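Single-letter residue listing:
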2 protein chains.
Amino acid sequence: MVEPRSDCPINAAVEVLGDRWSLLVLRDVVFADRRYFRALLTGSVEGIATNILADRLVRLVEAGILTRGTAARGQRARYSLTEAGIRTLPIMYALGDWGLDWRPGGGELRSRQQLMRDEGPAFVEELMDDLRTRHLDTPPRPRDGPGPFERLAAARAAAAEREQADRR
Amino acid sequence: MVEPRSDCPINAAVEVLGDRWSLLVLRDVVFADRRYFRALLTGSVEGIATNILADRLVRLVEAGILTRGTAARGQRARYSLTEAGIRTLPIMYALGDWGLDWRPGGGELRSRQQLMRDEGPAFVEELMDDLRTRHLDTPPRPRDGPGPFERLAAARAAAAEREQADRR
């Protein structure tokens, strides 16, 4: 890590996360559960380039936001979020919440953000809990009914269906 | 504005705010009340370069986050936050809150973030209200006692004093 440019905590976060790709890589790890290089590359709706993805993964590991699993020869390495990585979720939430109000556009990806807003702050906590189970092997929290990721997937599927119907 | 790379609202926000300087410029407008090019340039603790500052101000105006006041010949133009600009405060809060926990460092700038955390979410709302008065000329909200910016300044001054005392 290079020396931070100042001791401002906003700057400290921006130095690690403030570029056009790092947060999108994290978003795909979090919301699409993409844990492998190939999945992150081919699944990217913004079309991230191979060299940029490789660079950002190295940086995110160096910053302690992701860990890279050890892979046997010929096997793919799996990436996991650290606790610091999981705690970037409120940043992603705040960015998306702003984007929902102040940037144009529709589509199913907006339904995800809309659901998070409708559900309120406890939903982000629930998501972080589920991420701890997925990435840090903490025991799953007992729960009645569908978990937060299932609710997000359902909201997105419903929005996709509505879009399909509109197009017909 | 260029065509967004996707209809994801997180991406939409990152396209406008996701670089190493835009959010720091906004931070200085918000927290240090720097409204002029020269003040933003000379006051920057991270040492922003002239050309980068000029470029980011143009971009932030184009994105509808800042407005640039008309200036008579030979006079300096003053920048103001729009409502969209004021609403980036929760993003700055989330970034700084993360930086406080996961990045090293101490100092008076951290005391600002610590105060915001201690005061809770209503404090960010209060700050946004005061920014509307400063930047959008809405009438000031009646209030008993010091406003949020005064409390931030007091917290920072107290931290600076502690640092001084520690050095002695």
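Preceding block: the structure.
The numbers attached to residues start from 1 for each chain and follow its sequence in the written order. Each chain gets a letter, beginning with A, and each ligand a number, beginning with 1, in the order they are written. Local features in a predicted model are, by the rule used here, given only for residues with pLDDT of at least 70; side-chain atom pairs are given and counted only at 80 or more, and totals for whole chains, interfaces and linings are based on all residues. Here the side-chain values reflect all heavy atoms present in the structure, with hydrogen atoms and water set aside.

Engineer: Looking at this structure, how should I read the relation of the copies chain A and chain B?
Structural biologist: Taken together, a rotation about one axis and a shift along it account for how the two chain copies relate. In superposing the copies, a least-squares fit is computed on C-alpha atoms, taking residues whose pLDDT is at least 70 in both. Take chain A, turn it by 180°, move it 0.0 Å along the axis, and it overlays chain B with an RMSD of 0.0 Å. As the rotation angle and translation indicate, the two copies are arranged about a two-fold axis. Across chain A, the rotation axis passes nearest the C-alpha of Asp19 of chain A, at a separation of 2.2 Å. Interface overlap between copies is the fraction of interface residues in one copy that are interface residues in the other; for chain A against chain B it reaches 100%, indicating a shared surface. Working rule for contacts: check all heavy atoms of both residues, and any pair within 4.5 Å makes them a contact.

Engineer: What exactly am I supposed to notice about the pattern of salt bridges here?
Structural biologist: Pairing is possible between side chains of opposite charge, provided their charged atoms come close. All names here are of chain B. The term salt bridge refers to a pairing of a side-chain nitrogen on Lys or Arg with a carboxyl oxygen on Asp or Glu at a separation within 4 Å. One pass over the structure, following the stated rule, counts 40 salt bridges over all chains. One salt bridge connects Asp97 with Arg117, and the closest N-O pair in it is separated by 2.8 Å. You can see Asp97 sitting in helix α6 (residues 89-102) and its partner Arg117 sitting in helix α7 (residues 108-119), a full 20 residues away along the chain. A run of DSSP states H or I qualifies as a helix once it reaches four residues; a run of E qualifies as a strand once it reaches two. Both are numbered from the N-terminal end.

Engineer: What should I look at first to understand the environment of Ala157 of chain A in this one?
Structural biologist: Position of Ala157 of chain A among the secondary structure elements: in helix α9 (residues 148-167). Sequence-wise, Ala157 of chain A and Leu26 of chain A are 131 residues apart; in three dimensions their C-alpha atoms are separated by 22 Å.

Engineer: What is the right way to read the interface of chain A and chain B from this model?
Structural biologist: A common way to state how big an interface is: give the accessible area lost once the parts meet. At the junction of the two partners, chain A supplies 49 residues and chain B supplies 49 residues. Between chain A and chain B we count two salt bridges in total. Ionic pairing is found between Arg87 of chain A and Asp101 of chain B, a salt bridge with its closest N-O pair at 3.6 Å. The definition of a polar contact used here is a pair of N or O atoms within 3.5 Å, where within protein one atom must be able to donate a hydrogen and the other to accept one, and adjacent residues in sequence count solely through side-chain atom pairs. At the junction of chain A and chain B, the tally comes to twelve residue pairs in polar contact (both at pLDDT 80 or more). Breaking the side of chain A that touches chain B down by element, the ones donating at least two residues are α1 (9-17), α2 (22-31), α5 (83-86), α6 (89-102) and α7 (108-119) of chain A. Of the residues forming the side of chain A that touches chain B, the biggest block, eleven residues, is contributed by α6 of chain A. Residues are sorted three ways: Asp, Glu, Lys and Arg are charged, Ala, Val, Leu, Ile, Met, Phe, Trp, Tyr, Cys and Pro are nonpolar, and all the rest, Gly among them, are polar. Residues belonging to the side of chain A that touches chain B are distributed by class as follows: 26 nonpolar, nine polar and 14 charged.

Engineer: How should I be thinking about unusual backbone geometry in this particular structure?
Structural biologist: In terms of backbone geometry, most residues other than glycine have negative phi values and most peptide bonds are trans. Of note in the backbone geometry, Asp137 of chain A takes a positive phi value of approximately 60° without being a glycine. Looking at the element boundaries, Asp137 of chain A is found in the loop between α8 (121-136) and α9.

Engineer: What is the right way to look at the packing of aromatic side chains in this model?
Structural biologist: The relation between two aromatic rings is expressed through the spacing of the ring centres and the mutual angle of the planes. Note on ring pairs: Phe, Tyr and Trp rings are taken, using the six-membered ring of Trp, and paired if centres are within 6.5 Å. Classes follow the plane angle, with under 30 degrees stacked, over 60 edge-to-face and the rest tilted. As enumerated under the stated definition, the model contains zero aromatic pairs over all chains in all. Counting as a charge over the ring demands two things of the Lys NZ or Arg CZ atom: a distance within 6 Å of the ring centre and an angle within 35 degrees of the ring normal. Taking NZ or CZ as reference, Arg5 of chain A lies 4.3 Å from the ring centre of Trp21 of chain B, over its face. Directly above the ring of Tyr36 of chain B sits Arg76 of chain B, whose terminal nitrogen or CZ lies 4.3 Å from the centroid.

Note that every value here comes from positions in space, so none of it alone points to a role or purpose.
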